[in-house]
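The primary structure of each chain is shown beneath.
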Amino acid sequence: MPAATPLTAEPAQLAAALDGAGITCFERGWLSSNNILLRGGDGPNTLVDSGYATHADQTLALVQSALQDQPLDLLLNTHLHSDHCGGNAALQALYAGLKTLIPPGQAAAVAAWDPVALTFEPTGQTCERFTHRDLLQPGTSMQLGPLHWDIHAAKGHDPHSIVLFQPEQRVLISADALWQNGFGIVFPELEGIDAFDEVADTLDLIERLAPLTVIPGHGAVFQDVGPALERARSRLQQFVQNPAKHRRHALKVLIKFKLLEWQTVNATDLHQWMLRTSYFTLVMPSELHGQPTASRQWMDELLSELERSQALSRDGERVINR
Ligand SMILES: [Zn+2]
């Protein structure tokens, strides 16, 4: 067993120190979430989150090359956004004995495979069908690899999300509740459901847990948690004061995400995708409904903003990821 002292390391040695505690983070990017492999000791080999569907082969290759001929025993999803569970089906096909655990609240939607309730359709994203064996109950703890991890509810970004905390090493797997610079879109707000308070509660929870190391859902592992919480709270405050800013930000994130998947697309096809993707039609001003010219213009404004922030470039009709 690793020593029961908090894990600290210089940034350059952080990955190696985590590895020594049986914690390996595969940092993926923004289309696929990070995947965290917990292994060693007498606990089950566990993967937390599995990336996006179109990256499933990479996910399998990363896990296989780390585990060699050992089995993967458990697959956990912090939440069921497509970029966190898109590799589930492929992992289930590869590892016969694999047990998949999901947060409570969406078990029925997974069992019946309801792509609307699971938000794959409303976001215009994709996820191959998978099954689950059990639930991750907040307030309980589980041995994953060599260590015990506490499961905490972490509403806000997603009403069903959980985070995982290892109290001796003080390592937090924060999913999209806290990144080094901000946090994920507050999806319920796009549906008109107040959830900024839940984001604040989750940031308070993270502060109380006092992690020394955070493994976020996207981006690099980090240890300067205080400043990250400060940045997240200041961003949240901006959104609370100006919810329209959050909604617009969310649409730009959804466009960028789709561009990461497609890499390049015709503006006309992007517009068609947008019109059948309900988070866009929910947020779009009502007078634009059924007005293709006006809604196209509205989309072009969003694309121009993304172009100015260098998230994409345009070449005539082509929209190109960058
Ligand atoms: Zn998410």
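Residues numbered from 1 in each chain as written. Predicted model: local features only at pLDDT ≥ 70, side-chain atom pairs only at ≥ 80, totals over all residues. Heavy atoms only, no water.

Considerations on the coordination of the zinc ion
Alright, step 1. Within the first shell, the zinc ion binds the protein through His79 (NE2), His81 (ND1), His157 (NE2) and Asp176 (OD), at distances of 2.1 to 2.3 Å.
Alright, step 2. The coordination sphere of the zinc ion comprises four donor atoms, whose angles at the metal cover 87 to 175°; the geometry is irregular.
Alright, step 3. We note that the donor set of the zinc ion lies within a single chain, spaced as H-x1-H-x75-H-x18-D. On the criterion of sequence distance, the pair formed by His81 in the loop between strand 4 (74–76) and helix 3 (82–85) and His157 in the loop between strand 8 (147–153) and strand 9 (162–166) is long-range, its members being 76 residues apart. In this structure, His81 and His157 share a single accessibility class: buried. (Donors = N, O, S within 2.8 Å, 3.2 Å for Na, K, Ca; no water. Tetrahedral: all angles 85-135°; square planar, octahedral: opposite > 155°, others 65-115°. Helix = DSSP H or I, 4+ residues; strand = E, 2+ residues; numbered from the N terminus. Buried < 20%, exposed > 50% of the residue type's maximum accessible area, 1.4 Å probe, protein only.)

Quick word on the domain arrangement of the protein chain
Alright, step 1. According to the domain assignment, the protein chain consists of domain 1 (11–240) and domain 2 (243–321).
Alright, step 2. Between the C-alpha centres of domain 1 and domain 2 the distance comes to 27 Å.
Alright, step 3. Facing the 24 residues of domain 1 at the interface are 18 residues of domain 2.
Alright, step 4. Interface of domain 1 and domain 2: buried area, both sides summed, is about 1,900 Å²; carbon and sulfur atoms make up 67% of it.
Alright, step 5. Taken together, domain 1 and domain 2 are joined by zero salt bridges.
Alright, step 6. Counting across the interface, domain 1 meets domain 2 through eight residue pairs in polar contact (both at pLDDT 80 or more). (Domains from an automatic or database assignment. Contact = heavy atoms within 4.5 Å. Buried area = accessible area lost by both parts, 1.4 Å probe. Salt bridge = Lys/Arg side-chain N within 4 Å of Asp/Glu carboxyl O. Polar contact = N/O pair within 3.5 Å; in protein donor to acceptor, adjacent residues only side chain to side chain.)

Here's the deal with the packing of aromatic side chains
Alright, step 1. The full count for this structure, using the stated rule, is nine aromatic pairs.
Alright, step 2. Seen in terms of ring centroids, Tyr52 and Phe257 are 5.1 Å apart; in terms of plane orientation they differ by 90°. Their pairing is edge-to-face. Within this pair, whereas Tyr52 is found in the loop between strand 3 (46–48) and helix 2 (56–67), its partner Phe257 is found in helix 9 (residues 243–262), the two being separated by 205 residues in sequence.
Alright, step 3. Phe257 sits in the buried class, given a relative accessible area of 8%.
Alright, step 4. Note on Trp113 and Phe120: the rings are 5.7 Å apart at their centroids and 35° apart in plane angle, and the pair reads as tilted.
Alright, step 5. In this structure Trp113 comes out as buried when scored by relative accessible area, which is 15%.
Alright, step 6. Look at Phe120 and you get buried, because its relative accessible area is 3%.
Alright, step 7. Put simply, the rings of Trp113, Phe120 and Phe130 touch in pairs and so form one group of aromatic residues. (Phe/Tyr/Trp six-rings, centres within 6.5 Å; stacked < 30°, edge-to-face > 60°.)

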